[in-house]
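The lines below spell out each chain.
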Amino acid sequence: MKRKIAVLCFFVLIGVFVYMYRLNLLDWLQDYGQRSVLLTTMAATLFALFPVIPYPIIGGILGVIFGPALGSFVTWVGSSLASIIMFIAIRFGFKDWGRRMLSRYKSVEKLTEIFERNAFMTIFISRLIPVIPSIVANAYFALSNVSLRVYALASTLGKIPSMILFATVGNALLTNPGDLLFVGLYYGGFLLVVYSFYRIWRRRGKEI
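Since the model is a prediction, treat every value here as computed from it, not as a measurement.

Reading guide: rules and limits
Residues numbered from 1 in each chain as written. Predicted model: local features only at pLDDT ≥ 70, side-chain atom pairs only at ≥ 80, totals over all residues. Heavy atoms only, no water. Helix = DSSP H or I, 4+ residues; strand = E, 2+ residues; numbered from the N terminus. Buried < 20%, exposed > 50% of the residue type's maximum accessible area, 1.4 Å probe, protein only. Contact = heavy atoms within 4.5 Å. Areas by Shrake-Rupley, 256 points an atom, 1.4 Å probe, with all protein chains shown as cover. Core = buried A, V, L, I, M, F, W, Y, C linked by side-chain atoms within 4.5 Å. Phe/Tyr/Trp six-rings, centres within 6.5 Å; stacked < 30°, edge-to-face > 60°. Lys NZ or Arg CZ within 6 Å of the ring centre and 35° of its normal. Axes fitted to C-alpha atoms, helices over the stretch in contact; angles between N-to-C directions. Left-handed = near helix turned anticlockwise from the far one by under 90°. Nonpolar A, V, L, I, M, F, W, Y, C, P; charged D, E, K, R; others polar. Polar contact = N/O pair within 3.5 Å; in protein donor to acceptor, adjacent residues only side chain to side chain.

A. How the structure looks around the overall build of the protein chain. A count of helices and strands for the protein chain gives ten helices and zero strands. In the protein chain, the order of α-helices and β-strands from amino to carboxyl end is α-α-α-α-α-α-α-α-α-α. By the burial criterion, 40% of the 208 residues in the protein chain qualify as buried. Of the contacts formed within the protein chain by residues at least 6 apart in sequence, a portion of 78% connects residues at least 24 apart. Accessible surface, the protein chain: about 12,200 Å² in total, of which carbon and sulfur atoms supply 71%.

Below is the structure:
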């Protein structure tokens, strides 16, 4: 019970801070963000953890500030850190309670068992589908038995295309709209490469 209260209080306090000072943080990003990649990454993490401003907008701003390459990297790191922090917090404070809730519904419990057998690819694909709320996905994955290592790897890899998209679009709209074509080509190529590696990994796992 103490763990639940501690985690909840931590997120409420930080969430209230981000909400109250969201415009100040946004102004700071636009005016001074370029001066410190570290501080900007921390701000991006806060905005990803508490999306009081849609994160694609933050990614677009970072693309304008740093350019498509560094802007994509900062956007990706901020989003990835936020998802890992959320995963750890939910697992630390609410896993036991959450598992009991899931076990009440046989269909959900069965779905979770199937997910855990194919955790890496399921997490990876979920990050590629923007209609799936990140907070809901993070909570569900944290309540499962998937390891932090598998979650962190699949989640961070799955976030790469969309984070590059956010930053590149923001930069291209102001500089060269033609670059958007290369984003689409990159997206398709990235998915093909990752899927190929996954098939090889699965095949070798079955042979061992």
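B. A look at helix H7 (residues 119-128). Summarising burial for H7: eight of the ten residues are buried, a large majority. Within the sequence span of H7, burial applies to Ala119, Phe120, Met121, Ile123, Phe124, Ser126, Arg127 and Leu128.

C. Region of the structure containing the nonpolar core. One finds Phe11, Ile123, Phe141 and Val146 to be the most contacted residues of the largest nonpolar core, which totals 27 residues. Counting only elements with at least two residues in this core, the list comes to helix H1 (2-20), helix H5 (68-103), H7, helix H8 (134-143) and helix H9 (148-174). No other element matches H7, which puts six residues into this core. With sequence-adjacent residues up to four places away left out, valine 146 is seen in contact with Phe87, Arg91, Phe115, Ala119, Ile123, Phe141 and Tyr151. Judged by nonpolar contacts, the second largest core, of 15 residues, contains Leu25, Leu26, Tyr55 and Met163.

D. Representation of the packing of aromatic side chains in the model. A complete count under the given rule lists nine aromatic pairs for this structure. With 5.4 Å between their ring centres and 90 degrees between their planes, phenylalanine 10 and phenylalanine 11 make a pair best called edge-to-face. Since its relative accessible area comes to 45%, phenylalanine 10 is described here as partly exposed. Accessibility expressed as a relative area gives 14% for phenylalanine 11, which makes it buried. Ring plane angle 50 degrees and centroid distance 5.5 Å describe the contact between phenylalanine 115 and tyrosine 140, whose orientation is recorded as tilted. With phenylalanine 115 in helix H6 (residues 106-117) and tyrosine 140 in helix H8, this pair connects stretches of sequence that are 25 residues apart. Its relative accessible area of 22% is what places tyrosine 140 among the partly exposed residues. The lysine or arginine in question, arginine 22, covers the ring of tyrosine 19, its NZ or CZ lying 4.2 Å from the ring centre.

E. Quick look at the packing of helix H2 (residues 22-32) against helix H3 (residues 37-49). Axis separation between H2 and H3 bottoms out at 11 Å; the angle between their running directions is 145 degrees. Handedness of the H2/H3 crossing: left-handed. Where H2 abuts H3, its residues Arg22, Leu25, Leu26, Trp28 and Leu29 lie against Leu39, Thr40, Ala43 and Phe47. Counted by class, the contact of H2 with H3 contains seven nonpolar, one polar and one charged residues.

F. Here's a closer look at the environment of serine 72. Note that serine 72 resides in helix H5. On the basis of relative accessible area, serine 72 is assigned to the buried category, the value being 6%. Those residues in contact with serine 72 that sit more than four places away from it in its chain are Gly67, Met163, Ile164, Ala167 and Thr168.

G. Up close: the side chain of serine 79. With respect to the helices and strands, serine 79 occurs in helix H5. On the basis of relative accessible area, serine 79 is assigned to the buried category, the value being 6%. Among the polar contacts listed, one links the side chain of serine 79 to the side chain of lysine 159, at a separation of 2.8 Å. Setting aside its immediate chain neighbours within four residues, serine 79 contacts Ala48, Tyr55, Lys159 and Met163.

H. Structural detail: the side chain of threonine 41. Structurally, threonine 41 can be placed in helix H3. Excluding residues that lie within four positions of it along the chain, threonine 41 makes contacts with Val74, Val77 and Gly78.

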